[in-house]
Amino acid sequence: MRYVAAYLLAVLGGNNNPTAKNIKKILDSVGIDADDERVNKVISELGGKDVDDVVNSGLSKLACVPADSALAPATAASPAAGEGAPAEEKKEEEKKEESEESDEDMGFGLFD
C-alpha cells in the first residue's frame, strides 16, 4: 500500500508518469527502504494509466465492503421516543474517545 500511496503522491505533485526513482525518493523521505520488486510492480500496473480512471473503477469494488461500524452511529443517533438521547450521546462520545486512544497506542504510522 505504501508504494501505491507514494505513486499517487507523485501524481498529485504533478508528475503524471512517476518513475521508480520518484517513488523511492518519496519513500526515502519518510525513512522507508523501497523494495525494487514492489516499486516495479506498482509502476508496471499503473504506468500509462490515468490515475483518476483507476480510482473511479475501484470505487465500485468498495461498494461491496461491509461497513457495520458506519451503520451503528446512524441508528444510535435517532432515538425512537426522544428519551435517553443525552445518555446515548454521552455513550457515543465515550466510545469515540476510546477508539481514538486505542489507535494512538497501536504505534503504527502512515508508512509503517
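Nothing here was measured: the structure is a model prediction, and the numbers come from that model.

**Comments concerning the overall build of the chain**
At step 1: Each helix and strand in the chain was counted, giving 6 helices and 0 strands.
At step 2: For the chain, the α and β elements follow one another from N to C terminus as α-α-α-α-α-α.
At step 3: For the chain, the proportion of its 112 residues judged to be buried stands at 14%.
At step 4: Partitioning the contacts of the chain with sequence separation of at least 6, the portion at a separation of at least 24 is 46%.
At step 5: Accessible surface, the chain as shown: approximately 8800 Å² in total, 53% of it carbon and sulfur.

**Some thoughts on the confidence of the model for the chain**
At step 1: Considering every residue of the chain, the mean pLDDT works out to 75; 59% of them sit at 70 or more.
At step 2: By mean pLDDT, the top-scoring element of the chain is helix 2 (residues 20-29) (92), and the lowest-scoring one is helix 5 (residues 68-76) (55).

**Here's the deal with a nonpolar patch on the surface**
At step 1: On the surface, a cluster of nonpolar side chains totalling about 360 Å² of accessible area is made up of V55, L59, L62 and V65.
At step 2: Tracing the chain through its elements places L62 in helix 4 (residues 51-62).

**Here's the deal with the pattern of salt bridges**
At step 1: The full count for this structure, using the stated rule, is 3 salt bridges.
At step 2: Its salt-bridge partner being R38, residue D35 comes within 3.8 Å of it at the nearest N-O pair.
At step 3: For D35, a relative accessible area of 34% corresponds to the partly exposed category.
At step 4: Judged by its relative accessible area of 52%, R38 falls in the exposed class.
At step 5: Between K41 and E45 there is a salt bridge whose closest N-O contact spans 3.3 Å.

**A closer look at helix 1 (residues 2-12)**
At step 1: Those residues of helix 1 that sit buried are Y3, A6, Y7, A10 and V11. Projected down its long axis, helix 1 shows its buried positions confined to an angular sector of 140°, all on one face.
At step 2: Packed against the buried residues of helix 1 are helix 2, helix 3 (36-46) and helix 4.
At step 3: Once helix 1 ends, the next one or two residues include G14, with phi positive near 110°.

Scoring rules and cut-offs
Residues numbered from 1 in each chain as written. Predicted model: local features only at pLDDT ≥ 70, side-chain atom pairs only at ≥ 80, totals over all residues. Heavy atoms only, no water. Helix = DSSP H or I, 4+ residues; strand = E, 2+ residues; numbered from the N terminus. Buried < 20%, exposed > 50% of the residue type's maximum accessible area, 1.4 Å probe, protein only. Contact = heavy atoms within 4.5 Å. Areas by Shrake-Rupley, 256 points an atom, 1.4 Å probe, with all protein chains shown as cover. pLDDT = per-residue confidence, 0-100. Patch = residues over 30% accessible without salt bridge, like charges linked within 9 Å, V, L, I, M, F, W, Y side chains within 5 Å. Salt bridge = Lys/Arg side-chain N within 4 Å of Asp/Glu carboxyl O. Arc of directions from axis to C-beta.

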